[in-house]
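Take a look at the letters that make up each chain.
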Amino acid sequence: MEIIRRDAGSKVVLPDDHYYEFDELRQQCFHVENYCKIFHHFNFTIRLKKPSSSEWTSILYLAEVKEILRRKIYFCCPLEPHENGDCYACKNQGMDDLKHPTIGAFDRGSPDSIPLHVRG
């Protein structure tokens, strides 16, 4: 049974007959590349179950909060169990456990980006 899926437009489709709740914040990474490239990545889990069931299923998500010209932009999507796409921003900060989708409209940073706390 497919619980959560992405439709052709990459929108998340959730079944109407389930209960949902926030489960756990797993990982997070804050990245400042320059004044116009500031974002925060989060991995968190959502628990869901059917009303007729006592079993909960946990699903991992990636969320991004980005600020451009004082305006916040959000991206969020569920991840497949073994999905782990590239993100230079998180990888360059040693955040190897933070999972990303293999495709999607999130910011990956630049391959040569250096975290602010490492810059001289």
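Caption draft 1: Highlighting unusual backbone geometry. For Leu 69, which is not glycine, the phi dihedral falls at a positive 50°. Tracing the sequence through the fold places Leu 69 in the loop between β5 (57-68) and β6 (71-78). For Leu 69, a relative accessible area of 70% puts it in the exposed group. For Arg 70, which is not glycine, the phi torsion reads 65° and is therefore positive. Within the secondary structure, Arg 70 is located in the loop between β5 and β6.

Caption draft 2: Fine view of the sheet that holds β6. The four strands are arranged β3-β4-β5-β6 in an open sheet whose pairing can be described as antiparallel. The open sheet has two edge strands, β3 (19-34) and β6, and neither has a second partner. Pairwise comparison of adjacent strand axes, ignoring direction, gives a mean angle of 20° for this sheet. In this sheet, β6 lies alongside β5 in antiparallel orientation, the contact comprising eight bridges. In the strand pairing of β6, Glu 67 is matched with Lys 72.

Cut-offs used in this document
- Throughout, residues of each chain are indexed from 1 in the direction in which the sequence is written.
- Local features in a predicted model are, by the rule used here, given only for residues with pLDDT of at least 70; side-chain atom pairs are given and counted only at 80 or more, and totals for whole chains, interfaces and linings are based on all residues.
- To get the side-chain values, take all heavy atoms of the structure and skip hydrogens and water.
- Think of it this way: any DSSP run of H or I at least four residues long counts as a helix, any run of E at least two long counts as a strand, and we number them from the N terminus.
- In this scheme, a residue with accessible area under 20% of its type's maximum is buried, one over 50% is exposed, and one in between is partly exposed, where area comes from a 1.4 Å probe on protein chains only.
- Strands qualify as paired when DSSP identifies two bridges or more between them.
- Simply put, an axis is a line fit to the C-alpha atoms, just over the touching stretch for a helix, and the angle between two N-to-C directions goes from 0 to 180 degrees.

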